[in-house]
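Close look at the chain arrangement
Letter by letter, the chains look like this.
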Amino acid sequence: MQNRILKAVFLLAMLFAGMMNATMCWSQNMAVMDQLKEDPRRGYGNDYPYRHTDDVKLTKTPKGYKAFYISHYARHGSRYYWNAFMYKEIDSLLKVAHEKHLLTAEGEAFREKFIAAKDELQAGVSELSDLGWQQHQGIARTMYNNFTEVFEKGGNVMAISSLSGRCVLSMSAFCQELVQCNPKLEIREQSSRKTLDGVVPTDGQNPVKHNYPKNLKPRYEKNRSMFKGVNGLRDRIAERMFTSTEGLPGVMHHTTSNLINLYTSLPSIGHEGMMGNIITDEEIAAEWEGGNLGSYSWVFGPQLQMIPILEDIIGKADAVINGSNDRVADLRFGHDTCLGPLTVLMGINGADKDPEDPNEVKYYYQNWETCKASNIQLIFYAPRKALNARHTAINSSDVLVKCLLNGEEATLPVPTECSPYYKWSDFRNYYLNAIISFKSRSK
């Protein structure tokens, strides 16, 4: 009798757990899909232009605590397309299609607008746009306004950037805005080979060489056949653009991919509307989930290569806490190829969960979070008494840290009883132990 009762209790517990998991998945799915419905441009993925979050409500600072230091990593802001081939291929395509009278009326209207902007597009390849500059200005001002106590007395700030011009300019936009907020800040900006380990460790010019794996495979890839995505946009694009595709250069799948890439880049460079109704935001959003799967593989693979950035974050924070460095902020400006994998490495908002079911990947990673000007901010807090009486070190066990992803509070896999705040000692131990484990795996 007792065994029957225990078995029944076990079955009920399993049923309840299953119901809870189903409810959680449904809730997460609704949250993700609601965000996509609210702003279909999120379907652009890492081409999504940064959405400012001035109206986000942050959790109140714990009683008796004060923010005193910020560690940050950002992707460059909006830019022109990253290589010239797309613009050249589209130009050649439109020329041939026009000469052969294969363009629809909508295709001809697009061709005229493209020709008018062609010189600008080709000259601007990979460079920061005006919007990209404005994005980092806005993020800097929001950071200052949200955490004024970090900057109000002035202090030293160190900013490092990749060697790319769009990252250097993003850094300049951010730092100039901080100084506009408080001229007492002393900011040093640096873009050099010797600081690459902290911002783009994989750069071929980095004098420090690492041998971390770069092709890790997420588990869902073994079960990709379980995913049934929405398709058909490429066929519709071809029908809207051309009266016939006979005699056109290239492969049509590649051609329509180019047109999609151009479309999602246009809001970043002030040319939205160029393509009329050949493509719509809603159509891009409808196919987002399949693209997001590919993005997860792309950011999952090189995550261990971002270990030097995580070590840089921990090392510089330790120096501030133990009193050997007096900075109020460390700023880093790099690329989505680093920020995306770093998000997975740190498990921000569950990005490290690595689900087996491809239909669950969207719950843990959304590629719009690696958008233009995307950023991770770690905000450090200490007791006011410790900061007021500070001469050298702060007791690290008293320090709390909070993570923001694109201006919104994020979760970490670190144990805590006061989320979104984590004890620095727990954060530090968790990630240092993880790094040791990662390094042993890579040998």
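Heads up: the structure comes first, above all this text.
These remarks concern the structure in this document. All figures in this text were calculated on a predicted structure; none of them were measured in a lab. (Residues numbered from 1 in each chain as written. Predicted model: local features only at pLDDT ≥ 70, side-chain atom pairs only at ≥ 80, totals over all residues. Heavy atoms only, no water.)

It is worth spelling out the packing of helix α10 (residues 288–300) against helix α12 (residues 336–346) at this point. Remark: α10 packs on α12, axes separated minimally by 8 Å, with the N-to-C direction vectors making an angle of 90 degrees. It follows that α10 is roughly perpendicular to α12 by the angle criterion. Seen from α10, the contacting residues are Y296, W298, V299 and F300; seen from α12, they are D336, T337, G340, P341 and V344. When the residues that make up the contact of α10 with α12 are grouped by side-chain class, the tally is 6 nonpolar, 2 polar and 1 charged. (Axes fitted to C-alpha atoms, helices over the stretch in contact; angles between N-to-C directions. Helix = DSSP H or I, 4+ residues; strand = E, 2+ residues; numbered from the N terminus. Parallel < 35°, antiparallel > 145°, perpendicular 65-115°, else oblique. Contact = heavy atoms within 4.5 Å. Nonpolar A, V, L, I, M, F, W, Y, C, P; charged D, E, K, R; others polar.)

Turning next to the environment of L58. Here L58 shows up in the loop between α1 (2–38) and β1 (65–75). When its relative accessible area of 25% is taken as the criterion, L58 is described as partly exposed. It is 25 Å that separates the C-alpha atoms of L58 and M171, two residues lying 113 residues apart in sequence. Every residue in contact with L58, bar those within four places of it in the chain, is listed here: N146, F147, K402, L404, G407 and E409. (Buried < 20%, exposed > 50% of the residue type's maximum accessible area, 1.4 Å probe, protein only.)

Turning to the nonpolar core, a few remarks are in order. Counting residues in each nonpolar core, the largest one holds 69 residues, and the members touching the most others are Y87, F110, F151, M241, L262, M275 and L331. Sorting elements by how many residues they give to this core places helix α2 (residues 84–99) first, with 6 residues. If near-sequence neighbours (up to four positions away) are discounted, L262 is found in contact with M86, Y87, I90, F110, F114 and M275. (Core = buried A, V, L, I, M, F, W, Y, C linked by side-chain atoms within 4.5 Å.)

This brings us to the side chain of D47. Considering the arrangement of structural elements, one finds D47 in the loop between α1 and β1. Among the residues examined, D47 registers a relative accessible area of 9% and is labelled buried. Residues within four places of D47 in sequence aside, it is in contact with N261, T264, S265, S268 and K372.

All told, the structure shown has 0 disulfides when counted by the stated rule. You can see C175 has no disulfide; the closest cysteine sulfur is in C181, sitting 12 Å from it. Judged by relative accessible area, which is 2%, C175 ranks as buried. (Disulfide = S-S within 2.5 Å.)

Every regular strand shows the same layout, with side chains that alternate between the two sheet faces. Most of strand β5 (residues 375–383) sits inside the fold, with 9 of its 9 residues counted as buried. Where β1 meets β5, 9 bridges bridge the pair, whose relative direction is antiparallel. Paired with S71 across the bridge in β5 is L378. Across 6 bridges, the pairing between β5 and strand β6 (residues 400–405) is antiparallel. By the bridge assignment, Q377 is partnered in β6 with L404. (Pairing = 2+ DSSP bridges.)

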